[in-house]
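Chain and residue survey
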Amino acid sequence: MNKLPTRNEVVVASFRPRTRNWNSKYLLSLLCLWGIYLAASRTAFVHDDFTSLPAHAQEALHQCKMLNLKPGPPDDFLLRSQSDRFVKGTPPTLLRNASVWTGDPAGYELRDVDILLDKGIIMFVGQAHQGVLHGYSNLVTVDVGGKWVTPGIVDMHSHLGVDSAPSLAGSSDTNSLKGFIFICPILPWLRSLDGLNTHDDAYLLSISGGVTTANVLPGSANAIGGQAFVIKLRPTAERSPSSMLLEPPYTINNTQVDPTLRPRWRQMKHACGENPSRVYGNTRMDTLWAFRQAYNEARNFKEKQDDYCAKAFTGQWDGLGDFPQDLRLEALVDVLRGRVKVHTHCYEAVDLDDFVRLTNEFQFPLAAFHHAHEAYLVPDTLKRAYGNTPAIAMFATNARYKREAYRASEFAPRVLAENGIDVVMKSDHPVMNSRYLMYEAQQAHYYGLSVDLALSSVTSVPAKVIGLDHRIGSIREGYDADLVIWDSHPLAIGATPTQVWIDGISQLQNPCVYAKPLDSQTAPSTPSFDEEAAAAVKYDGLPPLSTTSPTTNVVVFTNVGSVFRKIGTEVQQVFSASSAGLGVAIVKAGELICYGVHTACLDHSTSNDAEWSDLDGGSICPALMSYGSPLGLEEIHDEKATRDGVVLDPLTDRIPTVLSGNEVIRAVDGLLFATRDALLAYRAGVTSAVTAPASKGLVAGLSTVFSTGAAHGLQGGAVVQDVAALHVSIGRRWSGSPSVSTQVAALRNLLLHSNEGTPFDQAAKGEIPLVVETTNVDIIVSLLKLKAQVDTYTGSNIRLVVSGAAEAHVLSKELAAAGVGVIVSPSRPFPEDWQSRRILPGPPLTNDSIISTLLDHGVTVGIGILEPWSARNTRFDIAWAALESGGKISKTQALALASTNLEKLLGAPVQEDLIVTRGGTILDFESKVVGVISQWRGLFEWI
């Protein structure tokens, strides 16, 4: 990690107290602007008699003068004494004793400073002596206690308010499909503002993650989806979408603009590649032609305006008429005039190259490519864009869900930064819950992006890209009072805001805060991935993911910090360096034969040719297991040829007679080995997975347990267990689908009246687990009643497990009493739909999370995922669960969430694989997985 030097001085030039005096430089700049204005207008008055001009001349000349004026704030913006978003009655606030990450390259870090907020802006940064505070009688003082304060997070790619939570048909306003009417998907006249839902449940959730500003984009179904708008997330007294806007174009509600003011930046969404092709049945060639056709029409109209103004400026009014205007084209014409921040959804090299050529053909700047999974492979192409090199807005590890995302790399942010290209981490909310946007920056840092660039990627850089870095994204005097106090260093795993200010108004009422470990107050010293990053580029995004064997049969690990083992069905810590000094561990033929202090292993002879490895305080722990996604059943979700497919549903589909007697499908028959997501999971310590058949209906089928590191199905240990559990799903899915009551009735019938020895009969008798996918508490109640009924009928005990379970905390006591286990998928729930809206969000909004609440009541809990790419992040998911529990979840309990607990719940055999990490435990951001010890396969593998 190359961290830029910090600066600890309290008083620095860039943080001088603001002055309201108009100095000579400012007066000179005003005179220059006035001179430019006179020069542009003098030719308009060539007639001696002003009254000879036509009636519309003054308005037309004004419009012409504004055409090429570049957007930006007034020159005296930072001299303002009050924000345009100030709410009268907001008390001034003083933050004392803060560690500040400023966002300013001139000095990223300041220590032991105070920040004064008043009238919606940052009034002072430094040590606030009495003179600074003079006149503040109602000052609210907050002692930060040395904790980190950052600028509010800026999410540059969000669909907050247009793709709302919970998702309902009445509030789905992300994409228009009216491109069909206009033959090509070009809709620049649409505005996300016109569909902005002020009742989105995600606003507060995102604020609780430190997000204060979002660029709300239309979706990517269309080549040009429409205009985006920047909003502040706080609720307003007016309760309207317009009151949430941050520096919208003046023309939103008023066509009369002060000619002395520069225009404000506009934002616009473009998209290329698979999305518009899929929606409209087009090819890339069709989409690029649509772009060229639209921009050619806009260019012709721009030239028409320019010709008009040339005549107006020279007094040629005869027959000139009104200034040319067209609501369909005006936004695209503004793009060509360089007054719009163009945000383009593009993934692959072919699409990036296409769009770069488009910018040069029509000579307009591009603000950013979004997603851009292959951008790190073509930095020189990006640098050929017209006017400037666009920023790249990306995910950290979300990838391979479609072909154009297949070559994504976790090392892309660092590679782009090394090539001098601005990096932005974004959420694409609700694709990724923007509450955890800082987590994207954390992962980027883990894989090699520097501390300051990682934090900049969600603050100052997106602010700059959207043209608002004169007021947001940094902690400077005169900037908006948008700040976040964190309970730990913001790049530490699990970092959580303890308070958030937007426009100087605190947003979290009675925040729930837990103390974090002392070592979490500094940025993680992340491991080196230099070789892996170089390989990602060398192999065009598809580096080999193979393991290597040691040179000998014996491996000796030194400087071991801890060892965790499975004892029966529990995880226990069996060695800790804190009590005995750094230790040693010896592995022979895939078996951990000794661990502890050096003297404890003296009796275990190690041959002279043993391979030695320094773990630098690292750890050995049980391997992790993944559940919940189609991992092992698909390579690329959107490519049917790479998937096992979806099983037929007995409630909605006609089951072929050839399946008679075998209607319940086995996932083991459709396994795909050596998928990239599985191999990446293996390299991250997830060595096995339980996967059920993919289904859109009631019955999914029988899950299987397989090795994520296996090359094919006949390799020893590739299939750990043919059948694990029986899986069904109950919920309100789509209009016309069977009712929930029908689904429950069908499940009841299957459990009570299936033939002897069939999967449902086995589940009814408790011979295999029954896993029911559902999120809704009311459905879980019905399942508990059904379990009681079936148990009474059979005299057995159904091994019922609820998966998904976003609302399960409501029934924690009842689930524990009934002996029903829960797999929380995802581990940090989101109110995606009506059935999951009653989530328990956890700190800082609630004291407890869903996981800690269920565990407190004695429920056996595991965690799951929804998509295969996230299997690799299981280690961080369980670490997060422990960190936000306030000490209620220990390290051993956290490890159990993705190992022994899942084995119990899913009927999987106890796995003996162990994971070796260097630099810390598998729960730490400082550590790196370096090896797998597989006793049942009798081998050790280097990662």
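Residues numbered from 1 in each chain as written. Predicted model: local features only at pLDDT ≥ 70, side-chain atom pairs only at ≥ 80, totals over all residues. Heavy atoms only, no water.

1. Structural notes on the side chain of Glu634
Residue position: Glu634 is located in the loop between β22 (624–627) and α16 (676–683). For the buried Glu634, no salt bridge exists, and the shortest N-O distance to an oppositely charged side chain is 4.1 Å, to Arg643. Residues contacting Glu634, with those up to four places away along its chain left out, are Thr642, Arg643, Leu672, Thr675 and Pro868. (Helix = DSSP H or I, 4+ residues; strand = E, 2+ residues; numbered from the N terminus. Buried < 20%, exposed > 50% of the residue type's maximum accessible area, 1.4 Å probe, protein only. Lys, Arg positive; Asp, Glu negative; His and termini not counted. Salt bridge = Lys/Arg side-chain N within 4 Å of Asp/Glu carboxyl O. Contact = heavy atoms within 4.5 Å.)

2. Section: the packing of aromatic side chains
Under the counting rule described, the total for this entry stands at 22 aromatic pairs. Measuring from centroid to centroid gives 5.6 Å for Phe411 and Tyr447, while their planes differ by 85°, and the two rings are edge-to-face. Placement of Phe411 in the loop between β12 (391–394) and α10 (412–418) and of Tyr447 in the loop between α11 (437–446) and α12 (451–456) is noted, with a sequence separation of 36 residues between them. Take Phe411 and Tyr447: they sit in the same class, and that class is buried. Overall, the relative accessible area of 6% leaves Phe411 in the buried class. An aromatic cluster of at least three residues, connected via ring pairs, comprises Phe291, Tyr295, Phe355, Phe362, Phe364 and Phe369. A cation over an aromatic ring shows up here: Arg828 above the ring of Trp880, its NZ or CZ 4.4 Å from the ring centre. For the cation-ring pair, Lys928 lies above Phe529, with the distance from its terminal atom to the ring centre recorded as 4.5 Å. (Phe/Tyr/Trp six-rings, centres within 6.5 Å; stacked < 30°, edge-to-face > 60°. Lys NZ or Arg CZ within 6 Å of the ring centre and 35° of its normal.)

3. Brief notes about the environment of Ile922
Among the structural elements, Ile922 can be located in the loop between β32 (914–918) and β33 (928–934). Exposure remark for Ile922: the relative accessible area of 1% places this residue in the buried category. Setting aside residues no more than four positions away along its own chain, Ile922 makes contact with Cys621, Leu624, Ala684, Gly685, Arg875, Leu895, Ile915, Thr917 and Ser927.

4. So, unusual backbone geometry
The linkage connecting Ala165 with the following residue, Pro166, adopts the cis geometry, with an omega of -5°. With respect to the helices, strands and loops of the structure, Pro166 is situated in the loop between β6 (153–158) and α4 (202–208). Omega for the bond connecting His429 with Pro430 falls within 30 degrees of zero, at 5°, which places this linkage in the cis form. Despite not being glycine, Asp616 has its phi angle at roughly 50°, a positive value.

5. Brief notes about the sheet that holds strand β9 (residues 266–271)
Neighbouring strands of a sheet are bound in pairs by backbone hydrogen bonds; such pairs are parallel or else antiparallel. If you walk across this open sheet you meet the eight strands as β6-β7-β8-β9-β10-β11-β12-β13, and the pairing is mixed. At either margin of the open sheet sits one strand with a lone partner, and together these are β6 and β13 (423–425). Strand-to-strand twist across the sheet, computed as the mean angle between neighbouring axes with direction ignored, equals 25°. As judged from the three bridges shared by β12 and β13, these two strands associate in the parallel manner. From the neighbouring strand, Met394 faces β13, where its bridge partner is Met425. Strands in contact with helix α8 (residues 349–362) are β9, β10 (340–346) and β11 (368–371); relative to β10, the strand with the most contacts, it is inclined by about 155°. (Pairing = 2+ DSSP bridges. Axes fitted to C-alpha atoms, helices over the stretch in contact; angles between N-to-C directions.)

6. Quick look at the pairing of strand β28 (residues 770–774)
Most of β28 is tucked away: four of the five residues are buried. For β28 and strand β29 (residues 800–804), the ladder comprises five bridges, and the chain directions are parallel. Residue pairing across strands places Val771 opposite Val801, the latter belonging to β29. Crossover handedness for the path β28 to helix α19 (residues 777–794) to β29: right-handed. (Right-handed = clockwise from strand over helix to strand, strands pointing away.)

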